[in-house]
Amino acid sequence: MAVASRTRNMLEALVKEGSFKWLLSKRSSFAEEFEELDSSPSAARNWISELSPVANIIVRRCSKILETSSSELQEGFNAEASEAIMDKSRYARNFLEYCCFRALALSTQVMGHLAEKKFRRLTFDMMVAWEAPAASSQSLINLDDDLSVGVEAFSRIAPAVPIIANVIICENLFQVLTISTGGRLHFSVYDKYLNGLERVIKKMKSQSESSLLSAVRSSRGEKILEVDGTVTTQPVLEHVGISTWPGRLILTDHALYFEALRVVSYDKPKRYDLSDDLKQIVKPELTGPWGTRLFDKAVLYKSISLSEPVVIEFPELRGHTRRDYWLAIIQEILYVHRFINKFHITGIEKDDALSKAVLGILRVQAVQEISSSNSVCFKSLLMFNLCDQLPGGDLILETLANMSSSRELDRGNYAVAGGGMHSISALAMVSNLGFVFGSSSSNPSEAGLLVGEVAVGEMSLLEKAVKESRDNYKKVVLAQETVDGVKVDGIDTNLAVMKELLLPVTEVGKWLLSLVYWDDPLKSLLFCLFFTFIIFRPVDEIKIIAPPPMNTMEQLLAVQNAVSQVEQHIQDGNIVLLKFRALLLSIFPQASEKFAVTLLFTALILAFLPTKYMLLLIFLETFTRYSPPRKASTERWMRRLREWWFSIPAAPVVLEREKEDKKRK
């Protein structure tokens with residue numbers, strides 16, 4: 001009673017003295033609640049002294065949602081949290097997260113919660129409070145109408161509602177949302193984003209509940225994620241061999257369908273599978289008349305089930321944004337099924353993985369609706385696409401698979417709504433939105449325990465893997481900047497760079513000339529005898545199938561393509577030489593040390609291992625590299641090797657052009 005009395009007296013003193021006036025310089029979302037605190041007799045009892053006024057308001061809102069009191073929430077937190085989480089320096093923020101996760105788990109069970117203004121305001125104000133949760137930090141924010149939050153607050157609260165963000169892509173999503181606001185997220189932009197999410201969810205529901213492809217979708221319960229080609233101004237063309245057909249393109253969570261347009265109706269849909277392991281290749285492709293490669297607006301699909309690849313073209317006047325969008329979402333479905341097949345994920349965990357991919361596509365669609373910029377990188381907002389690009393992305397997926405399959409962690413005890421130490425799962429989110437994936441129950445708590453990606457007061461294993469990968473990615477970006485800096489245009493300039501880099505090879509050429517001119521008769525004689533033997537060896541006849549004849553236009557286009565390819569190959573060759581030069585000059589010491597150790601290890605093998613054993617070792621290593629027992633480890637090591645190579649910066653190049661003073665007549 002004494003503590004409650006002192007707290008009430010302190011609160012009354014703050015209000016009477018106008019200590020909240022600095023918080024309420026303008027009418028904010030917190031204004032009414034501060035006024036209620038002034039008039040409510042129970043305010044003192046529910047005031048948490050460790051929290052700032054804003055954090056107290058958020059805890060008060062959470063207690064109303066959970067139909068309990070702030071003090072009871074605090075008692076529950078003290079009972080469930082470990083000593084490390086209850087550390088005095090982090091107590092306020094961790095307790096705030098606990099209240100937020102519990103309230104959000106319950107709020108998201110309400111159908112149509114994204115459309116509610118109160119829910120949107122609540123999630124944003126949670127981020128505001130997260131930035132200044134402790135009583136000692138109350139002066140760090142000014143509660144006016146132009147509140148904004150940073151990336152850390154967004155990354156902790158937004159993934160607690162999986163439709164808004166997830167741990168892997170939240171930083172990239174934050175950058176897209178704050179591209180015009182200097183790295184701070186304002187409520188107006190956040191509200192616009194959630195409005196977009198609400199619209200695309202309704203669109204997906206209407207498409208999946210329609211009769212579109214109902215006959216072929218029913219067996220697997222496939223959900224329609226996107227449809228294109230229904231508007232005459234934005235056609236979709238399918239190229240198979242020399243034939244081209246306009247039609248309607250449909251993406252589901254298992255496959256890609258194309259319905260060719262006939263006179264008054266659509267033809268029977270062709271199915272291009274994305275779920276089974278058919279060695280599929282999905283990549284950007286160039287198209288053009290007479291088989292030329294002029295327009296970068298298409299997607300190529302290739303698999304062992306098709307006799308020839310299929311090219312889907314997305315014509316548009318400027319750019320290739322439509323193609324990039326479709327390429328990203330097709331690859332996202334392909335990659336999530338590769339993830340499922342690789343780690344043998346089944347049951348409710350499989351449905352949860354599919355849910356993550358579907359939620360990612362919905363987020364991209366929402367961003368596409370609200371963004372006026374064509375420079376959005378869709379792949380960076382899709383978690384399985386991003387894991388394919390990030391250094392160590394396979395380790396992120398491995399961590400995700402282990403988290404999905406493990407049921408031994410005691411965090412599973414809080415998976416149901418009401419437990420607050422973890423956020424809700426993606427599958428619970430899509431179930432609350434009204435979707436059902438696969439054959440498992442629509443209620444994940446009935447089929448097994450699933451929890452979200454964010455835990456109160458600590459970094460989950462997934463967050464740690466993502467952080468490490470992002471740190472490595474920054475190094476790759478820096479290395480790529482050096483590569484981009486040394487790229488030059490024009491065959492003549494690239495040849496000049498290569499000539500300088502190939503100076504040692506030029507010296508070898510001079511040595512060969514000395515042999516030709518018999519400067520050293522003995523060496524020249526041996527050289528002559530050796531190559532005479534090689535020349536007079538019997539050589540079998542080589543048969544080559546000639547390409548079909550081309551007309552003049554096709555020949556000119558072929559020459560143009562060949563010149564472009566030669567320039568690209570020369571440029572790539574320069575980059576390789578510059579990277580080796582960087583290794584030799586130790587511009588990137590860490591990579592140079594690894595390279596030196598590898599060379600040393602190779603030299604020791606060559607020095608001490610007999611030749612026949614060395615050849616046997618090379619043969620077995622090459623031949624068994626992709627055998628079933630070694631395939632996984634080979635892919636992992638090859639990925640590490642590529643990541644190491646991309647992290648090496650290119651040696652700097654300075655182009656000096658000769659100044660020629662030409663007099664004009």
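Residues numbered from 1 in each chain as written. Predicted model: local features only at pLDDT ≥ 70, side-chain atom pairs only at ≥ 80, totals over all residues. Heavy atoms only, no water.

Novice: Would you explain the overall build of the chain in this entry?
Specialist: Each helix and strand counted, the chain has 24 helices and 10 strands in total. Put simply, the chain has 665 residues, and 45% of those count as buried. Long-range pairs, those at least 24 residues apart, make up 66% of the contacts in the chain with a sequence separation of at least 6. Carbon and sulfur atoms form 59% of the exposed surface of the chain, whose accessible area is close to 36,600 Å². (Helix = DSSP H or I, 4+ residues; strand = E, 2+ residues; numbered from the N terminus. Buried < 20%, exposed > 50% of the residue type's maximum accessible area, 1.4 Å probe, protein only. Contact = heavy atoms within 4.5 Å. Areas by Shrake-Rupley, 256 points an atom, 1.4 Å probe, with all protein chains shown as cover.)

Novice: Help me understand the pairing of strand β4 (residues 236–240) in this model?
Specialist: Consecutive side chains along a regular strand alternate between the two faces of the sheet. Where β4 and strand β5 (residues 243–252) come together, five bridges link them in antiparallel fashion. Note on β5: the bridge partner recorded for His239 is Thr244. Here β4 folds back onto β5, and the loop between the two strands holds two residues, one of which, Gly241, carries a positive phi near 65°. With three bridges connecting them, β4 and strand β10 (residues 310–313) associate as antiparallel partners. Each residue of the ladder has a partner; that of Leu237, found in β10, is Glu313. (Pairing = 2+ DSSP bridges.)

Novice: Help me understand the packing of helix α3 (residues 53–66) against helix α5 (residues 91–107) in this model?
Specialist: When two helices pack together, their arrangement is captured by the angle between the axes and the distance separating the axes. The N-to-C vectors of α3 and α5 enclose an angle of 35°; their axes lie 9 Å apart at closest approach. Of the two possible hands of crossing, α3 and α5 adopt the one that is left-handed. Only Phe95, Leu96, Cys99, Cys100, Arg102, Ala103, Leu106 and Ser107 of α5 make contact with α3, whose side of the interface consists of Ala55, Ile58, Val59, Cys62, Ile65 and Leu66. For the contact of α3 with α5, the per-class residue count stands at 12 nonpolar, one polar and one charged. (Axes fitted to C-alpha atoms, helices over the stretch in contact; angles between N-to-C directions. Left-handed = near helix turned anticlockwise from the far one by under 90°. Nonpolar A, V, L, I, M, F, W, Y, C, P; charged D, E, K, R; others polar.)

Novice: Looking at this structure, I do not really get the packing of aromatic side chains. What am I missing?
Specialist: Geometrically, a pair of aromatic rings is defined through the distance of the ring centres and the angle of the planes. Taken as a whole and judged by the stated rule, the model has 15 aromatic pairs. Ring geometry for Phe124 and Tyr190: centres 5.7 Å apart, planes at 40°, overall tilted. Placement of Phe124 in helix α6 (residues 117–131) and of Tyr190 in helix α9 (residues 187–209) is noted, with a sequence separation of 66 residues between them. Taken as a pair, Phe124 and Tyr190 share a single burial class, namely buried. Members of the aromatic cluster, connected to one another through ring pairs, are Phe77, Tyr91, Phe95 and Tyr98. Above the ring of Trp130, the side-chain terminus of Arg93 is found at 3.8 Å from the ring centroid. (Phe/Tyr/Trp six-rings, centres within 6.5 Å; stacked < 30°, edge-to-face > 60°. Lys NZ or Arg CZ within 6 Å of the ring centre and 35° of its normal.)

Novice: I'm lost on unusual backbone geometry in this one. Help?
Specialist: Excluding glycine, most residues fall at negative phi; most peptide bonds, likewise, are trans. For Glu67, which is not a glycine, the phi torsion comes out positive at approximately 55°. The topology assignment puts Glu67 in the loop between α3 and α4 (70–80). For Glu67, a relative accessible area of 75% puts it in the exposed group. Phi is positive for His344, close to 50°, though the residue is something other than glycine.

Novice: I keep staring at the pattern of salt bridges and nothing clicks. Help me out?
Specialist: Oppositely charged side chains are able to pair whenever their charged atoms sit close together. All told, the structure shown has 27 salt bridges when counted by the stated rule. Note that Glu131 and Arg184 form a salt bridge whose closest N and O atoms lie 3.1 Å from each other. Note that Glu131 is positioned in helix α6 and Arg184 in the loop between α8 (170–177) and β2 (185–186), a separation of 53 residues in sequence. We classify Arg184 as partly exposed; its relative accessible area is 30%. In this structure, the salt-bridge partner of Arg640 is Asp394, at a minimum N-O distance of 2.5 Å. With a gap of 246 residues between them, Arg640 in helix α24 (residues 631–646) and Asp394 in helix α14 (residues 393–405) connect regions that are remote in the sequence. Arg640 gets classed as partly exposed once you look at its relative accessible area, which sits at 24%. The class of Asp394 is buried, set by a relative accessible area of 10%. (Salt bridge = Lys/Arg side-chain N within 4 Å of Asp/Glu carboxyl O.)

Novice: I tried to follow helix α19 (residues 503–516) on my own but got confused; where do I start?
Specialist: Side chains that are three or four residues apart share a direction in an α-helix, a result of its 3.6 residues per turn. Between the first and last C-alpha of α19 there are 20 Å, a value that for 14 residues agrees with the 20 Å anticipated at 1.5 Å per step. Residue Trp518 follows α19 closely and has a positive phi angle near 55°. (Expected span 1.5 Å × (residues − 1).)

Novice: Explain the nonpolar core to me, please; I cannot follow it from the model alone.
Specialist: Nonpolar side chains tend toward joint burial in soluble globular proteins. With 130 residues, the main nonpolar core has Phe95, Phe154, Ile163 and Tyr193 as its most contacted residues. When neighbours within four sequence positions are excluded, Tyr193 is seen to be in contact with Ile163, Ile164, Leu173, Leu177, Arg363, Ala366, Val367 and Ile370. With 11 residues, the next largest nonpolar core counts Ile575, Ala582, Ala591 and Ile648 among its residues. (Core = buried A, V, L, I, M, F, W, Y, C linked by side-chain atoms within 4.5 Å.)

Novice: Explain a nonpolar patch on the surface to me, please; I cannot follow it from the model alone.
Specialist: Taken together, the side chains of Val508, Trp511, Leu512, Phe527, Phe530, Phe531, Phe533, Ile534, Ile535 and Phe536 present a nonpolar region at the surface, about 1,000 Å² in accessible area. By residue number, the principal contributor to the nonpolar patch is helix α20 (residues 521–535), which donates six residues. Tracing the sequence through the fold places Phe536 in the loop between α20 and α21 (552–584). (Patch = residues over 30% accessible without salt bridge, like charges linked within 9 Å, V, L, I, M, F, W, Y side chains within 5 Å.)

Novice: Is there a simple way to explain the environment of Tyr257 in this structure?
Specialist: In this fold, Tyr257 is placed in strand β6 (residues 255–260). Judged by relative accessible area, Tyr257 falls into the buried class, the value being 1%. With residues up to four places along the chain from it excluded, the contact list for Tyr257 reads Leu213, Val216, Glu222, Arg248, Leu249, Ile250, Thr252, Pro269, Lys270 and Arg271. Within polar-contact distance, the side chain of Tyr257 engages the side chain of Glu222 at 3.1 Å. (Polar contact = N/O pair within 3.5 Å; in protein donor to acceptor, adjacent residues only side chain to side chain.)

Novice: Help me understand the side chain of Glu97 in this model?
Specialist: Locating Glu97 in the fold gives a position in helix α5. Within the structure, the side chain of Glu97 is placed 3.0 Å from the backbone nitrogen of Gly457, a separation counted as a polar contact. With residues near it in sequence (within four places) discarded, Glu97 still touches Trp130, Arg156, Ala455, Val456 and Gly457.

Novice: What is the right way to look at the state of the cysteines in this model?
Specialist: Formally, a disulfide is one covalent bond, and it connects the sulfur atom of one cysteine to the sulfur atom of another. Summed over all chains, the structure comprises zero disulfides. You can see Cys100 has no disulfide; the closest cysteine sulfur is in Cys62, sitting 4.7 Å from it. (Disulfide = S-S within 2.5 Å.)

Novice: What's the story with the confidence of the model for the chain in this structure? I'm lost.
Specialist: Low-confidence regions, as indicated by low pLDDT, have predicted coordinates that should not be scrutinised in detail. When the pLDDT values of the chain are averaged, the result is 81; 81% of them are 70 or greater. Residue range residues 407–418 is modelled with pLDDT below 50. Its contacts to residues more than four positions away, or to other chains, number 19 contacts. Every residue in residues 661–665 is under pLDDT 50, and counting partners more than four places away or in other chains gives zero contacts. (pLDDT = per-residue confidence, 0-100.)

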